[in-house]
Amino acid sequence: MPAHNLRSIRFRRQRMIKARRAMVSARSAWFARFVAVFALLLSLFVVASFAFVAGAGAATTFAYRYFTRDLPSVSNVGSIRLPETTMIYDRTGLLLYEAVNPKEGKRTSIPLSDVPIDLIKATIAVEDSSYFDNPGVDFRGIGRAFLSNYQAGRVTSGASTITQQLVKNSLLDSSVSYTRKVREAILAYRLSRTYSKEQLLELYLNQNNYGNHSYGVEAAAESYFGKKAQNLDLAECAMLAGLPQAPSVYNPEVNPAAAKQRQREVLDGMVLHGLLDQQSADKAYAEPLDIRPTETVLRAPHFVFYVLDELVKQFGYDAVYSGGLRVRTTLDYGMQMEAERIAQRQVAAVASHHVSNAAVVAINPKTGEIVTMLGSVDYGNDAIDGKYN
């Protein structure tokens, strides 16, 4: 992602802030004062380390120790190895199978430079409009959430910034309480002082849950649109950016009307924060959602599961199903398809003799490489035990 594009987001954000400050009305002044007071109180906890170092009183010291007790370190967040999907290819690089861990879903991490600028803008607009300006915590947002929760009599809103969401995904559990919220804010503040905004944004976009068992924007783009994230257009970016808030509710395959409404909200947010002009937003919204999910690829299934068994024996289950391995095999899929056709033709020719199945293995006698492996003529036919190799 070119640095000048991200700087332009910062500039537009600053320009919008100046414009809004000039439009603040007297009617909202009481709320602004309330938010400011609450933000000040919470900020005492977030930056209590300064007071602690400076030798503050016993109460501040107690509060600091209470909220920071047993907090995990943020120093290794950037080096956390995320679980990724393993890919198995034939000898030419053709994908045979994507081995997905059912507990962790699909994920392929990509650098921020491969994420479309429109997806970055859309994410910031809908998740954390002050991202490039805040210290990991949006105090005004917390104030608004506090008032909302107080009026509701329960925790209904969290006002989490992108950095706080990253803390929740990486360092803390997802329990809901004010104590946990303060601890989350402290860690978010520390993260912002340890890593650049670009680094945190890359981590966030690779960790988010986008539904359909897809984690990260690359897996989401492939799951919903059958393409790489870098090839998404504005309309698709806006749709994806709206999913993390409630992936199952806004899933365009399950609820296209809700997904379209959420897309409108994201586009409106981009316009509101100066990240998109109204004409472009309207044009993107008018574009029909072309949901073309990638179907599960399973070529040469008997061979694929033979390879997976061998990999698990050698490297272990976690390495195979969460390690993001890229496995180039010896199989020639062109020859594999020819072997399947020949086997099916031969079985059909002798079907009158009660022959219903066949198996084929072709090995290169010079190298010992398996070139084709067919365990049955129809993997999906249970009547002939098709899955048995």
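Quick caveat, the model's predicted, so the values are computed rather than measured.

1. Quick look at the pattern of salt bridges
Then comes step 1: On inspection of all chains with the given rule, the structure shows 11 salt bridges.
Then comes step 2: In this structure, the salt-bridge partner of Arg 91 is Glu 369, at a minimum N-O distance of 3.3 Å. Within this pair, whereas Arg 91 is found in the loop between β1 (86–89) and β2 (95–99), its partner Glu 369 is found in the loop between β4 (360–363) and β5 (370–374), the two being separated by 278 residues in sequence.
Then comes step 3: Taking relative accessible area as the criterion, Glu 369 reaches 25% and is therefore assigned partly exposed.
Then comes step 4: Here Glu 218 and Lys 228 are joined by a salt bridge, their closest N and O atoms 3.7 Å apart.

2. A word on the packing of aromatic side chains
Then comes step 1: By the definition in use, this model includes 5 aromatic pairs.
Then comes step 2: Plain terms: the ring middles of Tyr 131 and Phe 132 are 5.1 Å apart, the flat faces sit at 70° to each other, and that makes the pair edge-to-face. Across this residue pair, the class does not change: Tyr 131 and Phe 132 are buried.
Then comes step 3: Ring centres of Phe 303 and Tyr 306 lie 6.5 Å apart, and the angle between their planes is 40°; on these two criteria the pair is classed as tilted. Of the two residues, Phe 303 and Tyr 306 both sit in helix α14 (residues 301–315), 3 residues apart, roughly one turn of that helix.
Then comes step 4: Taken together through their ring pairs, the aromatic side chains of Tyr 97, Phe 305 and Tyr 379 make up a single cluster.
Then comes step 5: One cation-aromatic arrangement involves Arg 299 over Tyr 333; the distance from NZ or CZ to the ring centre is 6.0 Å.

3. Section: the nonpolar core
Then comes step 1: Residues Leu 205, Leu 240 and Met 270 are the most contacted members of the largest nonpolar core, which totals 58 residues.
Then comes step 2: Only α5 (117–127), α7 (162–170), α8 (178–194), α9 (197–207), α10 (217–225), α11 (234–241), α12 (256–272) and α13 (278–286) provide two or more residues apiece to this core.
Then comes step 3: The element contributing the most residues to this core is α11, with 7 residues.
Then comes step 4: Counting residues in hydrophobic clusters, the runner-up holds 17 residues, among them Phe 303, Val 304, Tyr 333 and Met 373.

4. A closer look at the sheet that holds strand β3 (residues 326–328)
Then comes step 1: Pairing is mixed in the open sheet, where 3 strands are placed in the order β2-β1-β3. Two strands lie at the open edges of the sheet, namely β2 and β3, each paired on one side alone. Between one strand axis and the next, the sheet turns by 15° as a mean value, whatever way the strands run.
Then comes step 2: The pairing of β1 with β2 spans 4 bridges and is antiparallel.

5. Some thoughts on α14
Then comes step 1: For α14, built from 15 residues, the straight-helix expectation of 21 Å at 1.5 Å per residue is met to within 8% by its first-to-last C-alpha distance of 21 Å.
Then comes step 2: Buried within α14 are the following residues: Pro 301, His 302, Phe 303, Val 304, Val 307, Leu 308 and Leu 311.
Then comes step 3: In this structure, the buried residues of α14 make contact with β1, β2, α15 (317–322), β3 and β5.
Then comes step 4: Just downstream of α14, Gly 316 is the residue with a positive phi angle, here 95°.

6. Some words on unusual backbone geometry
Then comes step 1: The residue Ala 300 is not glycine, and still its phi comes out positive at about 50°.
Then comes step 2: When you line up the elements, Ala 300 lands in the loop between α13 and α14.
Then comes step 3: A positive phi angle, near 55°, is found at Asp 385, a position not held by glycine.
Then comes step 4: If you trace the backbone, Asp 385 turns up in the segment after β5.
Then comes step 5: In this structure Asp 385 comes out as exposed when scored by relative accessible area, which is 55%.

7. Structural notes on the confidence of the model for the protein chain
Then comes step 1: Here the protein chain averages 82 in pLDDT, and 76% of its residues register 70 or above.
Then comes step 2: Low pLDDT, under 50, characterises residues 22–38; the predicted model gives this stretch 14 contacts beyond four residues in sequence or across chains.

8. Thoughts on the packing of α7 against α8
Then comes step 1: Interhelical geometry of α7 versus α8 gives an angle of 110° and a closest axis separation of 8 Å. With respect to their mutual orientation, α7 and α8 come out roughly perpendicular. Here α7 contributes Thr 163, Gln 164, Leu 166, Val 167 and Lys 168 to the contact with α8, which in turn contributes Arg 180, Lys 181, Glu 184, Ala 185, Leu 187, Ala 188, Leu 191 and Ser 192.

9. Here's the deal with the pairing of β1
Then comes step 1: Connecting β1 to the antiparallel partner β2 that follows it, the hairpin turn spans 5 residues, and Gly 93 within it adopts a positive phi of roughly 100°.
Then comes step 2: Bridge count between β1 and β3: 3 bridges; the pairing is parallel. Bridged to Tyr 89 within β3 is Arg 328.

The rules behind each value
- Numbers given for residues are sequential positions, taken from 1 along each chain in its written order.
- This being a predicted model, a pLDDT of at least 70 is required before a residue's local features are given, and a value of 80 or more before pairs of side-chain atoms are given or counted; all residues contribute to the totals for chains, interfaces and linings.
- Neither water nor hydrogens contribute to the side-chain values; these are computed over all heavy atoms in the structure.
- For salt bridges, the criterion is a side-chain nitrogen of Lys or Arg within 4 Å of an Asp or Glu carboxyl oxygen.
- Helix and strand assignments come from DSSP, with helices taken as H or I runs of at least 4 residues and strands as E runs of at least 2, each series counted from the N terminus.
- A simple rule labels every residue: compare its accessible area, found with a 1.4 Å probe on the protein chains alone, to the largest value its type can have, and call it buried under 20%, exposed over 50%, or partly exposed in between.
- Stacked, edge-to-face and tilted are the three classes for Phe, Tyr and Trp ring pairs, Trp counted by its six-membered ring, which pair at centre distances within 6.5 Å; planes under 30 degrees apart are stacked, over 60 edge-to-face, the rest tilted.
- For a ring to carry a charge above it, either NZ of a lysine or CZ of an arginine must fall within 6 Å of the ring centroid while also lying within 35 degrees of the normal to the ring plane.
- Think of a nonpolar core as a cluster: buried Ala, Val, Leu, Ile, Met, Phe, Trp, Tyr and Cys residues, connected wherever their side-chain atoms sit within 4.5 Å.
- DSSP-based pairing: two strands are paired if at least 2 bridges between them are found.
- What counts as an axis is a line fitted to C-alpha atoms, over the stretch in contact for a helix, and the angles between N-to-C directions run from 0 to 180 degrees.
- One less than the number of residues in a helix, times 1.5 Å, gives the span that helix is expected to have.
- We call two residues contacting when some pair of their heavy atoms lies within 4.5 Å.
- The pLDDT value tells you how sure the predictor is about a given residue, anywhere from 0 up to 100.
- The cut-offs work like this: below 35 degrees is roughly parallel, past 145 is roughly antiparallel, 65 to 115 is roughly perpendicular, and the gaps in between are oblique.

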